[in-house]
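Reading the structure
One-letter residues, chain by chain:
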Amino acid sequence: MSDYRIKGATGEWEVVIGLEVHAQVTSNAKLFSGAATTFGAEPNTQVSLVDAAMPGMLPVPNRECIRQAVRTGMAIDAQINKWSRFDRKNYFYADLPQGYQISQLYHPLVGEGEVEIDVEGETKTIGVERIHVEQDAGKLMHDQHPTRSYVDLNRSGVALMEIVSKPDMRSPAEAGAYLAKLRSILRYVGSCDGNMDQGSMRADVNVSVRKPGEPFGTRTETKNVNSVRFVMQTVEIEALRQIDVIENGGKIVQETRLFDPDKGETRSMRSKEDAHDYRYFPDPDLLPLELDDDFLDDCRKSLPELPDAKRARYVALGVTPYNASVLTAEVESARFFDALLDAGAKGPAASNWVTSELFGALNRLGKQIEDSPVSATQAAELLGLVAEGTLSNTLAKQVFEIMLETGEDPSKIVEERGLKQTSDTGAIEAEIAKVLDANADKVAEYRSGKDKLFGFFVGQTMKAMAGKANPGVVNDLLKKALDG
Amino acid sequence: MSDVTNLGVAALRDGIRSGEFSAKEVADAFIVKVSAAKQLNAFIVETPEHALAAAREADAARAAGEVLKPLAGVPIGMKDLFCTKGVQTTAASHMLEGFKPVYESTVSQKLWDAGAGMLGKLNLDQFAMGSSNETSYFGNVISPWRRRDGGNAPLAPGGSSGGSSAAISARLVPAATGTDTGGSIRQPAAFTGISGIKPTYGRCSRWGVVAFASSLDQAGPMARDVRDCAIMLEAMAGFDAKDATSLKLDVPKWEQGLSGDLRGKKIGIPKEYRVDGMPSEIEALWQQGIDWLKDAGAEIVEVSLPHTQYALPAYYIIAPAEASSNLARYDGVRYGQRELPDGANLQDMYAATRAAGFGPEVQRRILIGTYVLSAGFYDAYYTQAQKVRTLIARDFERAWLDCDLLLTPTAPSAAFALGEKSADPLAMYLNDVFTVPSSLAGIPAMSVPGGLDKAGLPLGLQIIGKPLDEQGVLNAGLAIEQRAGFTARPEQWW
């Protein structure tokens, strides 16, 4: 599948991509302090003495953050390191009160793992090099005062997982699929809310280009790209830029860059020459992190069914692979679908209904599936009414619309509004007889070979039955009356 | 009533309990002493109201017939490295001048919870970096001791806990807190004829103590005798969930366990501590110490700590490395000093603030630490030093196969004159040669006074123990104390 090539003046180029994804760990408290982590709080209201790096303050690891990172590692089948260690990454900046970030350079919590992606119907495995946990920095605000910058330390010390992929991706689509899949897994596991627009997940995009078959080229790192679409754009724009530089006789400089979505370009931030010497060394305030088997067992037991397994299970139930992918992409849809199955709905019909009817309606209403006005139980009941023949698909649509409006159960709606489909052959035959009488000319045409008119008679009969006749029964009886 | 300021912690505690004198009388007496000793410059801030409040509480509790707290009404000195709520905490640096924490360090809080009061914040070497108290931004402390041979040069009280040692030996406080990173409790104790113990790393919480070198910093008490050290340490020690390196262990009843009977104990004499150029008086005192411990029933064995000579260089890599990072937070942004030259950008502000806020010794150690952690030098220095540290710890573990405790001199010299070594950092660093190995190994060690040199200056003996065996260390200290009969005190000239 990795036959994505960019045509340059000197021939075809291959793109090599690796992603470093920073994912904010879902936890009520920060990595090394008890301060809260709610998004959008007033500036500097979620800052403990530790986060502000007051003299004499000490970090204490938050077990929940470690647990979430371990669970994430397990979810991508990664090596979990029972012994890991925190290191200090030293540099001065106004958003970094301690003057160092506590991270894990030498001995990360999670080692090699892998993530499966689907691109254009093909499956590819992307290697994950490592996951380590580290502190986030604060946020500088330059727009509050004409000559001063302000700093908000609410985010300072919040736990991040840095998930480092191998340079295994070869196209913007693969990079996009990897990020989307990773996000999906994190959301299933519950270790990150995946809200990229709030900065809970952001990616550093490493891109290099080469002629197919040649060794890796020099890479650049575009920092803090915060959506799947932007990651794909960054890859494409940066690859094109690099090819342009090389083909015009230039050299790619190893540097960090910024993506500007408005201008559709990447810009140099700083080159390797003025890169910091971070003077990493083990944090002497913290003992090495040692995990015991009980802790790891608890982490493993707490893992939910993950997207790939869920998708396979849906397919086994007869759901099309496409629908299964759609349903499992977001944990909330999968949750709804599982609830639907638990309430007795049949896989294929239910999957069609969710992906077309429900998604269509939610889209129209601008609602998320977790806020669906129709519960999974109600939906299962509706699908049951269709399956047993009480409702035709047409009637089911009507009932669904009423359910969306009123929130009432389908059986109640059917009962009170008389929307039941009828298979009463007597009533249907009576109507058919009337339709045929009233359209004797068309009956003659039909019988002389104009088969297409059959649909006309079905329509007339259904209309006479106010849409409540079972279409199968109508078909059978009409055939009998016309052909018989 | 005799002068209560001649009494130690145990005597003050017992006297207040029995009603021999009131806590108020005690506080008043010490407050007078403190305010009359400005020449020593032992205090950066005096807090008589704090001591009086604790005294009022103790007297009220006694009047109400309540059981008194372990240190009820005992006023002490607090090294100005411990953050004290609402009271200026400077680490003796211009960088933190005027800084009043909104929090109380765990150790100081434990002391207040035990009923102690605070007479003031004690001077020290800036950020605890120094062995003579000469690096304080607030001026050096002058030792109350003077040479008997006519030399009237002001002497160093040792460092970094020089305010603590001077105040105790001058009877301005009965006891004080210290912190020890490479000898900062033991060496000043030795220089001033008092006792001080650095417990096992992790016994006392580091929370709220301005950090110098996190893997080495350990708080401990300084007092006039071993019993007072035991009482103080009991109040200061204990698990603290806010310090990830704190030991989750109960605090032993050290005072109750005190015994100078060393029968059955083996004392190791490490041959590598016989360094070149050590004054013969120190050699002689060491031998005297051996004899005292024998007399107390101990068996003496010679042991080897083969990597001792590498301890000092390893220490002067590890400690500055950690310090260079620990002190990065003093950037002028959130608290303390800020220097903002005209037109300065952020980097300029950092540079100006740190240049003005940190003294020369602190700057030197930040530079050393930054250097040894730099790309290309890290393995040659930091990694190598950590390996040495492991070997030092292993030396001690092997020694414990042959003995229970070690006896060494505390420092290679008696107190030197102020200014004598301050121009030569290496000579100053060498003063830590006997105290640094046990700091690197994180094991308990104590200095007790052994006697006076020819010039009439105190000399200390150091006892080093196994991890968590503070009791063994204290008991050996007590055995020496009982035999040394050290009663010398500086003549008041201030």
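Bear in mind the structure is a predicted one, so any value in this text is a computation, not a measurement.

A word on the overall build of chain A
Helix and strand content of chain A: 15 helices and 16 strands. What you see for chain A is a C-alpha radius of gyration of 30 Å, clearly larger than the 23 Å of a compact globule of 484 residues, by over 25%. Principal-axis analysis of the C-alpha atoms gives chain A an extent of 95 × 55 × 50 Å. Looking at the 484 residues of chain A, the share that counts as buried comes to 51%. Across chain A, contacts joining residues at least 24 apart in sequence account for 68% of those joining residues at least 6 apart. Counting every atom, chain A has about 22200 Å² of accessible surface; 49% of that belongs to carbon and sulfur. Of the side chains in chain A, 56 bear a positive and 74 a negative charge, and the two mean positions are spaced by 2 Å.

Things to note about the overall build of chain B
On a plain count of helices and strands, chain B comes out with 15 helices and 11 strands. Relative to the 2.2 N^0.38 estimate, which gives 23 Å for 494 residues, the radius of gyration of chain B is 21 Å and therefore close to what a compact globule would have. Taken along the three principal axes of its C-alpha coordinates, chain B extends 65 × 50 × 50 Å. Out of the 494 residues in chain B, the part that is buried amounts to 64%. Across chain B, every contact between residues at least 6 apart in sequence was considered, and the portion connecting residues at least 24 apart equals 77%. Taking the average place of the 47 positive charges on the side chains of chain B and the average place of its 54 negative ones, the gap between the two points comes to 2 Å.

Some words on the UniProt feature "domain: Amidase" (unreviewed entry) in chain B
Here the UniProt feature "domain: Amidase" (unreviewed entry) sits at residues 26-474 of chain B. Note that residues 26-474 of chain B is 35% helix and 14% strand, and that its end C-alpha atoms are spaced 27 Å apart.

A short note on the interface of chain A and chain B
Residue-level contacts link 31 residues of chain A with 39 residues of chain B. Summing both partners gives a buried area of about 2800 Å² for chain A against chain B, and 61% of it is carried by carbon and sulfur. Ranking the residues of chain A by area buried against chain B places Pro 55, Phe 92 and Arg 279 of chain A at the top, with a combined share of 23%. Where chain A packs against chain B, one counts 1 salt bridge. Across the chain A-chain B interface, the total number found is 16 residue pairs in polar contact (both at pLDDT 80 or more). Within the residue set of the side of chain A that touches chain B, elements represented by two or more residues are strand S4 (87-90) and strand S15 (281-282) of chain A. A per-class count over the side of chain A that touches chain B returns 23 nonpolar, 4 polar and 4 charged.

Comments concerning the packing of aromatic side chains
Overall, the coordinates contain 28 aromatic pairs over all chains when judged by the stated rule. A ring pair is formed by Tyr 330 of chain B and Phe 358 of chain B, whose centres lie 6.3 Å apart and whose planes are at 90°; its orientation type is edge-to-face. One end of the pair, Tyr 330 of chain B, is in the loop between helix H9 (311-326) and helix H10 (346-357); the other, Phe 358 of chain B, is in the loop between H10 and helix H11 (360-372), and 28 residues separate them in sequence. Each of the two residues, Tyr 330 of chain B as well as Phe 358 of chain B, counts as buried. Above the plane of the ring of Tyr 278 of chain A lies Lys 89 of chain A, whose end atom (NZ or CZ) is 4.4 Å from the centre.

With respect to the pairing of strand S3 (residues 117-122) of chain B
A regular strand places its side chains on the two faces of the sheet in alternate fashion. Residues and elements named next belong to chain B. Burial analysis of S3 places 6 of its 6 residues in the buried class, the great majority of the element. Across 3 bridges, the pairing between strand S1 (residues 43-46) and S3 is antiparallel. Residue pairing across strands places Val 45 opposite Lys 121, the latter belonging to S3. Taken together, the 5 bridges between strand S2 (residues 75-79) and S3 define a ladder with parallel strand orientation. Looking at S3, one finds that Met 78 is bridged to Lys 121. Assessed by its sense of winding, the connection that carries the chain from S2 through helix H4 (residues 106-113) to S3 is right-handed.

Digging into the nonpolar core
Counting residues in each nonpolar core, the largest one holds 171 residues, and the members touching the most others are Leu 71, Leu 111, Phe 127 and Leu 407 of chain B. Examining the composition of this core, we find that 10 residues originate from one element, H9 of chain B, more than from any other. Counting residues in each nonpolar core, the second largest holds 101 residues, with Leu 109, Leu 291, Val 319 and Ala 345 of chain A among its members.

Let's talk about the state of the cysteines
Each disulfide consists of one covalent bond between the sulfur atoms belonging to two cysteines. Under the counting rule described, the total for this entry stands at 0 disulfides over all chains. Cysteine Cys 192 of chain A shares no disulfide, and the gap to the nearest cysteine sulfur, in Cys 65 of chain A, comes to 12 Å. Free of any disulfide, Cys 229 of chain B has its nearest neighbouring cysteine sulfur in Cys 204 of chain B, separated by 12 Å. When its relative accessible area of 0% is taken as the criterion, Cys 229 of chain B is described as buried.

What about a negative patch on the surface?
Residues and elements named next belong to chain A. A cluster of acidic residues, Asp 77, Glu 114, Glu 116 and Asp 118, forms a negative patch at the surface. Along the chain, Glu 114 turns up in strand S6 (residues 113-119). A relative accessible area of 46% means that Glu 114 is categorised as partly exposed.

Section: the packing of helix H2 (residues 172-189) of chain A against helix H5 (residues 307-316) of chain A
Residue and element names in this part refer to chain A. Viewed as axis vectors pointing N to C, H2 and H5 meet at an angle of 90°, and their least axial separation amounts to 10 Å. Classed by the angle they form, the pair H2 and H5 counts as roughly perpendicular. Here Lys 181, Ser 184, Ile 185 and Tyr 188 of H2 lie close against H5, whose contacting residues are Pro 307, Asp 308 and Lys 310. By residue class, the composition of the contact of H2 with H5 is 3 nonpolar, 1 polar and 3 charged.

Things to note about unusual backbone geometry
Glycine aside, a negative phi is what most residues show, and trans is what most peptide bonds show. With omega at 10°, the peptide bond leading from Gly 159 of chain B into Ser 160 of chain B counts as cis. With respect to the helices and strands, the residue Ser 160 of chain B is situated in the loop between S3 and helix H5 (162-169). Although it is not a glycine, Asp 77 of chain A sits at a positive phi angle of roughly 60°. Within the secondary structure, Asp 77 of chain A is located in the loop between helix H1 (63-75) and strand S3 (83-84). If you check the backbone angles, Asn 133 of chain B has positive phi at about 70° while not being a glycine. If you trace the backbone, Asn 133 of chain B turns up in the loop between S3 and H5. In this structure Asn 133 of chain B comes out as buried when scored by relative accessible area, which is 0%.

Details of the sheet that holds strand S5 (residues 100-103) of chain A
As summarised here, the arrangement of the 3 strands in space is S5-S4-S15 (chain A), forming an open sheet in which the pairing is antiparallel. Each having just a single partner strand, S5 and S15 of chain A make up the two edges of the open sheet. The sheet contact formed by S4 of chain A and S5 of chain A spans 4 bridges and is antiparallel. Residue pairing for S5 of chain A: Asn 90 of chain A is matched across the bridge by Tyr 100 of chain A. Sitting on the sheet, H9 of chain B touches S4, S5 and S15 of chain A, and the angle it makes with S4 of chain A is about 60°.

Side note on the UniProt feature "active site" (unreviewed entry) in chain B
Residue and element names in this part refer to chain B. As annotated in UniProt, the feature "active site" (unreviewed entry) corresponds to Lys 79, Ser 160 and Ser 184 in the numbering used here. Look at the named residues: they lie 106 residues apart in sequence, but the longest C-alpha span between them is just 11.2 Å, so in the fold they bunch up. A relative accessible area of 0% means that Ser 160 is categorised as buried. Those residues in contact with Ser 160 that lie beyond four places of it in its chain are Lys 79, Asn 123, Leu 124, Asp 125, Ala 128, Met 129, Gly 130, Asn 133, Thr 179 and Ser 184. In this structure, Ser 184 sits in the loop between strand S4 (175-180) and helix H6 (186-192). On the basis of relative accessible area, Ser 184 is assigned to the buried category, the value being 6%. Those residues in contact with Ser 184 that sit more than four places away from it in its chain are Lys 79, Ala 128, Gly 130, Gly 159, Ser 160, Ser 161 and Thr 179.

Quick notes on the rules
Residues numbered from 1 in each chain as written. Chains lettered and ligands numbered in written order. Predicted model: local features only at pLDDT ≥ 70, side-chain atom pairs only at ≥ 80, totals over all residues. Heavy atoms only, no water. Helix = DSSP H or I, 4+ residues; strand = E, 2+ residues; numbered from the N terminus. Rg over C-alpha atoms; globule rule 2.2 N^0.38 Å. Buried < 20%, exposed > 50% of the residue type's maximum accessible area, 1.4 Å probe, protein only. Contact = heavy atoms within 4.5 Å. Areas by Shrake-Rupley, 256 points an atom, 1.4 Å probe, with all protein chains shown as cover. Lys, Arg positive; Asp, Glu negative; His and termini not counted. Charge placed at Lys NZ, Arg CZ, Asp CG, Glu CD. UniProt positions renumbered as here; feature names shortened; annotations may be inferred. Buried area = accessible area lost by both parts, 1.4 Å probe. Salt bridge = Lys/Arg side-chain N within 4 Å of Asp/Glu carboxyl O. Polar contact = N/O pair within 3.5 Å; in protein donor to acceptor, adjacent residues only side chain to side chain. Nonpolar A, V, L, I, M, F, W, Y, C, P; charged D, E, K, R; others polar. Phe/Tyr/Trp six-rings, centres within 6.5 Å; stacked < 30°, edge-to-face > 60°. Lys NZ or Arg CZ within 6 Å of the ring centre and 35° of its normal. Pairing = 2+ DSSP bridges. Right-handed = clockwise from strand over helix to strand, strands pointing away. Core = buried A, V, L, I, M, F, W, Y, C linked by side-chain atoms within 4.5 Å. Disulfide = S-S within 2.5 Å. Patch = residues over 30% accessible without salt bridge, like charges linked within 9 Å, V, L, I, M, F, W, Y side chains within 5 Å. Axes fitted to C-alpha atoms, helices over the stretch in contact; angles between N-to-C directions. Parallel < 35°, antiparallel > 145°, perpendicular 65-115°, else oblique.

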